[in-house]
Amino acid sequence: MKRSVVQALDRLRNAIDVRVRSLGSRIALLYVVLLTVIVAATLLAAGSGINTFAYETAERELAANSRVFDQIIASRQRQMADAGEVVARDFGFREALATGDAPTLVSALQSLRDRAKVSEVAIVQLDGSVISSSTATTIRGTAMLSRLENGADRGVIRLGQAQALGAAVPIEMPDLAGWLILLNTLGPADMTQLASLSAAPLEARVIERAQLDSHLASLELGEIAEMEGHDGPTLVRVSAIASLEDGNEPRLVMAHSLNSVLARYFSLRLVLMLIGLFGLLAGAWAAIRLSRGIARPLQLLAEAARAYAGGAVAKVKVEGAIEVRSLASSFNAMVDAVEEREQQIMHASLHDALTGLPNRRFFIEKLERAVARQSESQRTFVAFIDVDDFKAINDALGHPFGDELLRTVAQTLQDCYPNAMVARFGGDDFGLLLDGLEPATDCTALARRLEAALNRELTIDGRSIVVSASIGIAIGPQDADCSDALLKSSDLALDRAKNNGKGGYNFFEPELDAEASRRRHLEIDMRRAIRDGDFELYFQPLFSMSENRIKGFEALMRWPHEQHGMISPATFIPIAEESGLIVQLGEWALREACRQAAQWPEDISVAVNISPRQLTTDGLVACIAQALAQSRLPSGRLELEITESVFIGNVDKTLNILHSLQALGVRVALDDFGTGYSSLSYLRSFPFNKIKIDQSFVRALEEGGSAQAIVRAITTLAEALGMETLAEGVETQALMEILRSEGCDLIQGYLIGRPMPGNHVQRMLSSAQTTVALG
């Protein structure tokens, strides 16, 4: 076939040579004249276009950089406001303002001025009087009152003879007592420094409206106009800046030199002139060559024919006489037809006929290129996927069903990872390649997503079937530095995944990732332990000092591992949270705690920790109701402990769940109080039954300092809100006495008792230890 194509091209080239001799000589002179005119017109048009483009560029740069300048000013005001808010909320600062302690206020203002790197800091009181960090500074507080009272907190203020950027922060105790004002001058040096942050060279000034010259005053705000500057034509824009005082209308004037923009295109003008000159000379030389009878369209066709005969893909532009256009169209059609057939052959050799995915050969070629580029900062993720029990499915449901299943798996992989290389290796084996992964990319999350996508129920041809897949994963360059080794590593990981049980994934683990392997094994062991009921509940007593007796127990999970012994909750709880197993563990702990607590005396309660992830599940309320019903434990004896982190995210949904739990009669306690954010807002949003004081505050009580005041504040607040307080980590008699004196009734810690198995609780409650004599 190729020989016949070459022969046809030779015949075509000979025919072109015959026609060329009859056309070229009549157009040579006209070609040179037209080329000269075109080059001259092009240079003139290009020069005019450059001038127009430069002007438009200058306008865009001025407008864009004006916005950038506004953002820079706004950012500076936010920084000043943020710095001011810290001081405005400081208890000592507000106390000094309330008592009129001027030296303390001035010292605080000077400290804030130096720390925030601003020109001046002052306090504007409700009567307009000003307390500033510098006696030499004049600030008109009365001129600012009306705008501050109307809520203005950003703007420009006169600072002596200069304009200054200002940010106002209200001082509330809790009623408004004044405003903390932070100022930064906008003198020539300051504006030059701010203008240097813009992308283009600008001149910026802040001028009082009354001081603008007639040309600038006549401009509309935001309008860009051309004026004559000290270094030539200049684009100018005037915009308004918010003011924080009456009688002050500052204007931001920004100027951008047109000459500086035009200077950028000098080299372009020179290059265009050189190109025009070169083109004119080249055209004249070409015209002389063409004068012997070579017409351009035919010459291009002949060259394309030669190039294609040599193996290169080439097409020609359809132009010239009708005969030439017909010949060029036929040539292009022939090129398209041959290329289409070659592409079909190439596609068939690199793709799987059933699924349309790339085949193993194509996958390996892509993998080799990815491995060549991989590094510690650009990792390669390779997954080897095998559909579990595919042969049995194929035999039981038929080959058409099996083919459709493979196509569904292929489509699932493509939908899940649209930017990945997905290939079918043959049979029920697939490959997945993700390259260029950053070091921060969580490969475990990728594996879990892949596992979730492949292990689910599918409906194929009206039949429902639960499909699972085993996945082996290798990551370069840590697992291998060549494509063959990386693919082999993923294959070995696949074998490990099959040995560990179908429907899961496994990473290649050659001892350099021992920690990840350990966590994965613990997760596997944890799934098995949940299934086999290996977890245990321990209980730590909660003691009432006023009643001098144990009032309840907190349920704590323990995992006695058959190989590693007792595994700390600090080790397995994070793994459970990460893998989602915490939901199953939490439900088991609820049911088991209720079951054991139902056997205790009726005045002894049980407290169970609820994880944030468990709280967001829709079935939590139903699970608790079922546990209470099955154990016949009164709802008032069950207490759920949550941490402040549950409020991060959908607060409304969390509050609805907590109110639903409270409607069941279950008590809700806020654990680790004071260690998170906005604790007081949570107390206002939801009526907790108990507040647990974090042990970090309790342990600090013996050291003196502010810890005792903090505990006293918590107990006072809880009493006012009708809530109980419980202190964690009480280990000494001295701590207990301090807590008693500060109004905390309930305590928990090693002084009362360590966590114990359930049968020890029964023994403890049945003995005389229900009432404990301490001190």
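Scroll up a little and you will see the structure.
Keep in mind it's a predicted model, so treat the numbers as computed, not measured. (Residues numbered from 1 in each chain as written. Predicted model: local features only at pLDDT ≥ 70, side-chain atom pairs only at ≥ 80, totals over all residues. Heavy atoms only, no water.)

Colleague: In this structure, what is going on with the pattern of salt bridges? I would like to understand it.
Modeller: Pairing is possible between side chains that carry opposite charge, provided their charged atoms lie close to one another. All told, the structure shown has 28 salt bridges when counted by the stated rule. D153 serves as the salt-bridge partner of R154, at 3.2 Å between the closest nitrogen and oxygen. Using a relative accessible area of 27% as the deciding quantity, one classes R154 as partly exposed. Across the salt bridge formed by K653 and D618, the nearest N and O atoms sit 3.8 Å from each other. One end of the pair, K653, is in helix α22 (residues 651–663); the other, D618, is in the loop between α20 (612–615) and α21 (620–631), and 35 residues separate them in sequence. With a relative accessible area of 34%, K653 lands in the partly exposed category. On the basis of relative accessibility, which here comes to 71%, the residue D618 falls in the exposed class. (Salt bridge = Lys/Arg side-chain N within 4 Å of Asp/Glu carboxyl O. Buried < 20%, exposed > 50% of the residue type's maximum accessible area, 1.4 Å probe, protein only. Helix = DSSP H or I, 4+ residues; strand = E, 2+ residues; numbered from the N terminus.)

Colleague: In this structure, what is going on with the sheet that holds strand β3 (residues 154–159)? I would like to understand it.
Modeller: Sheets are built from strands that pair by backbone hydrogen bonding, the pairs being arranged parallel or antiparallel. Taken in spatial order, the five strands make up an open sheet running β2-β1-β5-β4-β3, and their pairing is antiparallel. For this open sheet the edge positions go to β2 (130–132) and β3, each flanked by a neighbour on one side alone. The sheet shows a mean angle of 35° between the axes of neighbouring strands, direction not considered. Along the sheet, helix α3 (residues 91–99) contacts β1 (120–125), β4 (162–172) and β5 (176–185); its crossing angle with β4, the most-contacted strand, is approximately 95°. (Pairing = 2+ DSSP bridges. Axes fitted to C-alpha atoms, helices over the stretch in contact; angles between N-to-C directions. Contact = heavy atoms within 4.5 Å.)

Colleague: Any chance you could explain the sheet that holds strand β9 (residues 250–257) here in plain terms?
Modeller: If you walk across this open sheet you meet the four strands as β6-β9-β8-β7, and the pairing is antiparallel. The sheet terminates laterally at β6 (203–208) and β7 (224–229), the two strands that pair on one side only. Strand after strand, the sheet turns through a mean of 30° between neighbouring axes, direction not considered.

Colleague: Would you explain empty space enclosed by the protein in this entry?
Modeller: Empty space among the atoms can be located by rolling a probe the size of a water molecule over them. Taken as a whole, this structure holds one cavity of 30 Å³ or more when the rule is applied. Considering only enclosed or pocket space, the largest cavity measures out at about 40 Å³ in volume. Elements represented by at least two residues in the lining of the largest cavity include exactly α14 (399–416), α15 (443–454) and β13 (456–460). (1 Å grid on protein atoms, 1.4 Å probe; cavity = no way out; pocket = protein on both sides within 12 Å on 5 of 7 lines; lining within 4 Å. Points joined across faces, edges and corners; volume = space filled by probe spheres on them.)

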